Amino acid sequence: MRNALNDAQGFSNATKQYPQTLQKHYHSFWKKDISVDIVTLNQDITSYDLVMAPMLYMMSNETISKLENYVANGGTLVSSYISGLVNETDLAHLSGWPTSLKRIFGMGVKETDTLYPKDRNVLAYNGKQYEIKDYCTILEAKEAEVLGTYMEDFYQGNPAVVKNSYGKGKAYFIGARTEQAFLDDLYGDIQKEMNLQVENEIVHEDGVSVQRRESDEHCYLFVMNFTEQKQSITVKEPLYDLLTEEIKQEHIELLPYEVMVLKKEK
């Protein structure tokens, strides 16, 4: 899929930035210590409450059917501009954007514009404004609820972000490339709605990540300092340090790039 997107001639090679886009969507969960799995199109997604698939340029009918069944059976899907434009052989879908995607997202894609490097637009969402750059998709909202709109140029007043209820689930479509603050706010709202919050055994500042893995008996917390400075964290309850074989509690100082692996009983 990535090779096909790299070869696509309808978008700026300098601004496609597929890996960077995935990282930005992931960052909205990483900063809140919400674990995210990276899966391929061939893997089963039915066990996930939320699936993020931004810039999924290449979609076979099988992939579209999998996503449709996922949402219809109660899953929540988030996708974005430059999605569903070609099939598995890199040929454009006949009759434009696939009908199944129109059903899932409750809208149609009319056109995606590549902006000049200096061009900017503004997205209005939930009483706030966010900068748009690189790509703007003209959406035709049908059943979908409009969450955000463009505020400038000929896009003004048109949908930029939509949400659709389909079957037992929901599907979100982000039509433009926005600043990180918008992704943080949108995903923050989704996290609250879906109750995707985690138990905060450890209090920390930005730059420190706490990721968890669980067995039947234990919860393992990987505490990682991604900065070049010392970071102070607060452990709310005594936890066993697997690396030093000590009990950690209260205030702890992490050295630059230090990693701790803590264990707690479930």
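Before reading further, recall that the structure is shown in the block above.
Residues numbered from 1 in each chain as written. Predicted model: local features only at pLDDT ≥ 70, side-chain atom pairs only at ≥ 80, totals over all residues. Heavy atoms only, no water.

A. Spatial organisation of helix H2 (residues 18-30). Between its first and last C-alpha, H2 extends 18 Å over 13 residues, near the 18 Å set by a 1.5 Å rise per residue. When H2 is considered as a whole, its buried residues turn out to be Tyr18, Thr21, His25, Ser28, Phe29 and Trp30. (Helix = DSSP H or I, 4+ residues; strand = E, 2+ residues; numbered from the N terminus. Expected span 1.5 Å × (residues − 1). Buried < 20%, exposed > 50% of the residue type's maximum accessible area, 1.4 Å probe, protein only.)

B. Focus on the packing of aromatic side chains. The tally for this structure, following the rule as stated, stands at 11 aromatic pairs. Between tryptophan 30 and phenylalanine 226 the ring centres are 5.5 Å apart and the planes differ by 75 degrees, which places this aromatic pair in the edge-to-face class. Remark: phenylalanine 226 occurs in the loop between strand E12 (218-225) and strand E13 (231-241) and tryptophan 30 occurs in helix H2; sequence separation between them is 196 residues. Looking at tryptophan 30, the relative accessible area reads 15%, which means it is buried. Exposure remark for phenylalanine 226: the relative accessible area of 45% places this residue in the partly exposed category. Among the aromatic residues, those joined into a ring-pair cluster are Phe11, Tyr81 and Tyr135. (Phe/Tyr/Trp six-rings, centres within 6.5 Å; stacked < 30°, edge-to-face > 60°.)

C. Representation of the environment of lysine 128 in the model. Structurally, lysine 128 can be placed in strand E5 (residues 128-141). A C-alpha to C-alpha distance of 16 Å links lysine 128 and valine 162, two positions 34 residues apart in sequence.

Don't take any of this as a statement about function, it's just geometry.
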